[in-house]
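# Chains, contacts and geometry: an overview
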Amino acid sequence: MSASRRSGTTDELGPDEPERPGRPGDDGPVPPDGAAGPGPDGPDGTDLLAALLDGMDAALCAFDGDGLVTHWNREAERILGWSAAEAVGRHGFAGWAVREADAEEVQGRLMAAMHAPGRQVHEFALLTKDGGRVLVRTQSAAVRGPDGKPAGLYCAFSEVHAQIDLERSIALSEALFDDASWGVVLVDADLRPAVVNAHAARALGTGRTAVLGRPLGDLLTRGVEELENALTHVLAEGAPPAPAELWVGVRGPDGERRRCWRSGFLRLASPLAEEPVPLGVGWLFQDVTEAKQGEQEAALLRFRANQLHRAARAAAECEDPAEAATVHLDFALAGFADHALVDRVTGGAVADAQEAAPVRLVRVAATPSGGPGPSALTGLAGLPVRYGEGHPALQCVARAGSVRAGAGSVPADEAREWARARRWPEDTVHALCAVLRSRGRTLGVVTFLRGGSRTPFERTDAVYAEDVAVRMAAALDLADLTGAAGAPGRGEGG
């Protein structure tokens, strides 16, 4: 346990006490009967001072005006191995805590702190009790007496590597919240941002202070539940073993921005508590939207190219060219659309130089609208489909190019009515019509349909549909030439 010599210097370090007569080092007279003094259940100032010194995380020693050691706490004993009983009363560090060659310089620099303003920082190599050497960083400052004159000094020290570790931690924290090239957010136990760095604030589309204390739902339109679930898990179970990729929608002045953030999470616990007390979660993220979209597009292209290859292999084994056309259609549907329709131009193919005339279409193949299954050849009766004026399929024939259509953001009842008016299954919300062209002539239209749970068709989807349509048109044209069954375009044109 730490020890102290009750001198003037000691009194200045502890709580204010009445001056006690006697020489430095004496305990002083016992208070007379009835005088105020420490009771049996309460510590006096010296006991309180010793408890405070022993509870410090830093090593501390104190010297009186003559350079005698007056205080030595437990952390100083831990670092150097010298107990308080062995240290208190020694003159400086000479002969025991520093080498003789360094004693004069160390003592001079320490004692100079009594007459210098503020704290003085030095690094010394001190000796341990077992003869080892420890490099320490010291902070020394004067202790002044009642008259304001220096009565001694205190010296707090710690191992240099521990101090450097602390400084590195502080520097790392400051760098993360100032110059980091990824987003850093400290989220409190209520799942609200407590500290946000500049990169994260830009990613969230707001200022660093505007985001503090706000629910995550105020900042994100999508992905909030997934993010809050991840934060709750980290608070309860600790950090996950690998980063997580979260797709979120960020509110912005121009609407929602869909982003993918590769996120890492760390549970923050107080270093001052005996048991881990969660302070919140450290959330670090990088925007990997472009990379993920590139990966997804590459994977989609590989899949579609593979489907086209497999369809060509399977169609080559079909004796009936019309059946080969439906094989191409079935392979194209996988992961691309929910339904598909094939309509042929009645009266034979339409040449580009042919005089414009009203075009009628007859359904020759379709996929089941009630559930999954292969497409089936239909239209043997040759009855035209009752498409209204301006129907996307008719536009596709007129333009000899792809046409996209959609119900838009309307209620479900209006979307069903929109699909019924166009002679499509009621669950249709998005449509893509691709023209069937072969030998410079328009043979018909293939229409791909998607439900409300899927995204609208994009330009890359139109390119894929056109690739499929080219293969289907070649098969249907061959069916016309050979007069194969299931080729209504030829039979109805006779």
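Here the residue numbering is sequential within each chain, running from 1 through the sequence in written order. Local features in a predicted model are, by the rule used here, given only for residues with pLDDT of at least 70; side-chain atom pairs are given and counted only at 80 or more, and totals for whole chains, interfaces and linings are based on all residues. Each side-chain value is worked out from all heavy atoms of the structure, with water and hydrogens disregarded.

This part takes up the confidence of the model for the chain. When pLDDT is averaged along the chain, the result is 82, and 84% of the positions lie at 70 or above. pLDDT runs from 0 to 100 and stands for how confident the predictor is about each residue. Note on contacts: a residue pair qualifies if any of its non-hydrogen atoms lie within 4.5 Å across the two residues. This model gives residues 1–40 a pLDDT under 50, and the stretch forms 62 contacts once residues within four places in sequence are excluded. Contacts from residues 490–494, a stretch scored under 50 in pLDDT, to residues over four places away or in other chains number 11 contacts.

An order of β8-β7-β12-β11-β10-β9 is seen for the six strands of this open sheet, with the pairing classed as antiparallel. Each edge of the open sheet carries a strand with a single partner, namely β8 (193–196) and β9 (220–222). Taken pair by pair, the neighbouring strands of this sheet meet at an average axis angle of 40 degrees, ignoring direction. Bridge count for strand β7 (residues 183–187) against strand β12 (residues 278–287) is five bridges, and the pairing is antiparallel. From the neighbouring strand, L186 faces β12, where its bridge partner is G282. Pairing between strands is defined by DSSP: at least two bridges between the two strands are required. Secondary structure elements follow DSSP: runs of H or I no shorter than four residues count as helices, runs of E no shorter than two count as strands, and numbering proceeds from the N terminus. For every element, the axis is a line fit to its C-alpha atoms; helices are fit only across the contacting stretch, and the angle between N-to-C directions ranges from 0 to 180 degrees.

What follows deals with the environment of R422. As for its position among the elements, R422 is in the loop between α12 (412–421) and β18 (428–438). Assessed through its relative accessible area of 25%, R422 is described here as partly exposed. Separated by 30 residues in sequence, R422 and P392 place their C-alpha atoms 8.5 Å apart. If we ignore the near neighbours within four places in the chain, the residues touching R422 are Y387 and H391. Three labels apply to residues, based on accessible area from a 1.4 Å probe with only protein chains included: buried if under 20% of the type maximum, exposed if over 50%, partly exposed otherwise in between.

Attention now moves to helix α6 (residues 160–176). Taking 1.5 Å of rise per residue, the 17 residues of α6 would be expected to cover 24 Å, and the 24 Å separating its terminal C-alpha atoms lies within 8% of that figure. Among all positions of α6, only V160, Q163 and L176 are buried. Close packing links the buried residues of α6 with β4 (120–127), β5 (133–144), β6 (150–159) and β7. Any helix carries an expected span of 1.5 Å times its number of residues minus one.

In this section: the nonpolar core. Buried Ala, Val, Leu, Ile, Met, Phe, Trp, Tyr and Cys residues form a nonpolar core when they are joined through side-chain atoms within 4.5 Å. Membership of the largest hydrophobic core comes to 34 residues, with the highest contact counts inside it found for F336, V342, L436, V446 and F448. Counting residues per element, the ones that place at least two in this core are α9 (289–315), α10 (321–333), β13 (339–345), β15 (361–366), β18, β19 (441–451) and α13 (459–482). Examining the composition of this core, we find that nine residues originate from one element, α13, more than from any other. Among residues more than four places away in sequence, those in contact with V446 are L329, L341, V342, L432, C433, A434, L436, A469 and M472.

Next up on the list: unusual backbone geometry. Even without a glycine there, the phi angle at A400 is positive, about 55 degrees. Mapping A400 onto the fold places it in the loop between α11 (392–399) and β17 (403–406). Residue A400 is classed as partly exposed on the basis of its relative accessible area of 35%. One non-glycine residue, R439, lies in the positive phi region at around 55 degrees. Structurally, R439 is set in the loop between β18 and β19. Classification of R439 as exposed rests on a relative accessible area of 55%.

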